[in-house]
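Take a look at the letters that make up each chain.
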Amino acid sequence: MLATQERVRLDGGQVVIVWHKPVGRCDGDCDFHAIACSAEEGIVLPGPKRDVPIRLDEPGERWCVDCLAIIRAARTAEK
């Protein structure tokens, strides 16, 4: 799944990468990525979009719960 990352600092200083489903077009040199889970918020100064598995196996990474629900609903609708 094509995704963009958000770095979130938790209490205690630990940084977690939260993956979001990006929306809209991007030429790879963006200052902002709109994300599927919010019509108003997005990722400022994002890293490049990456192909990310639904089942993450890297420590310190997780999917945005709302974006993951959108992805799963779209996949179910395709069937």
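Further up the page is the structure itself.
Computed from a prediction, not measured in an experiment: that's the story for all the values here.

A.B. asks: Looking at this structure, how should I read the overall build of the protein chain?
C.D. replies: Of the regular secondary structure elements, the protein chain holds one helix and seven strands. Sequence-ordered secondary structure for the protein chain, helices as α and strands as β, is β-β-β-β-β-β-β-α. Computed over the C-alpha atoms, the radius of gyration of the protein chain is 13 Å, within 12% of the 12 Å expected from 2.2 N^0.38 for a compact globule of 79 residues. Along the three orthogonal principal directions, the C-alpha set of the protein chain runs to about 40 × 30 × 20 Å. The buried share of the protein chain, taken over its 79 residues, is 27%. Excluding contacts between residues fewer than 6 apart, the proportion of contacts in the protein chain whose partners are at least 24 apart in sequence is 44%. Counting only carbon and sulfur atoms, one obtains 48% of the accessible surface of the protein chain, whose full area is about 5,700 Å². Where the 11 positive side-chain charges of the protein chain centre and where its 13 negative ones centre are 6 Å apart.

A.B. asks: Sorry if this is basic, but what is going on with a positive patch on the surface here?
C.D. replies: Together, Arg 55, Arg 72, Arg 75 and Lys 79 line one region of the surface with positive charge. Within the secondary structure, Arg 75 is located in helix α1 (residues 65-78).

A.B. asks: So what exactly am I meant to see when it comes to the nonpolar core here?
C.D. replies: One recurring pattern in soluble globular proteins is that nonpolar side chains are buried together. Counting seven residues, the largest nonpolar core consists of Ala 3, Ile 17, Trp 19, Val 52, Trp 63, Leu 68 and Ile 71. Listing elements by their share of this core, those giving two or more residues are β2 (15-20) and α1. Once residues within four sequence positions are removed from consideration, Ile 71 is found in contact with Met 1, Lys 21, Ile 54 and Trp 63.

Conventions used here
Residues numbered from 1 in each chain as written. Predicted model: local features only at pLDDT ≥ 70, side-chain atom pairs only at ≥ 80, totals over all residues. Heavy atoms only, no water. Helix = DSSP H or I, 4+ residues; strand = E, 2+ residues; numbered from the N terminus. Rg over C-alpha atoms; globule rule 2.2 N^0.38 Å. Buried < 20%, exposed > 50% of the residue type's maximum accessible area, 1.4 Å probe, protein only. Contact = heavy atoms within 4.5 Å. Areas by Shrake-Rupley, 256 points an atom, 1.4 Å probe, with all protein chains shown as cover. Lys, Arg positive; Asp, Glu negative; His and termini not counted. Charge placed at Lys NZ, Arg CZ, Asp CG, Glu CD. Patch = residues over 30% accessible without salt bridge, like charges linked within 9 Å, V, L, I, M, F, W, Y side chains within 5 Å. Salt bridge = Lys/Arg side-chain N within 4 Å of Asp/Glu carboxyl O. Core = buried A, V, L, I, M, F, W, Y, C linked by side-chain atoms within 4.5 Å.

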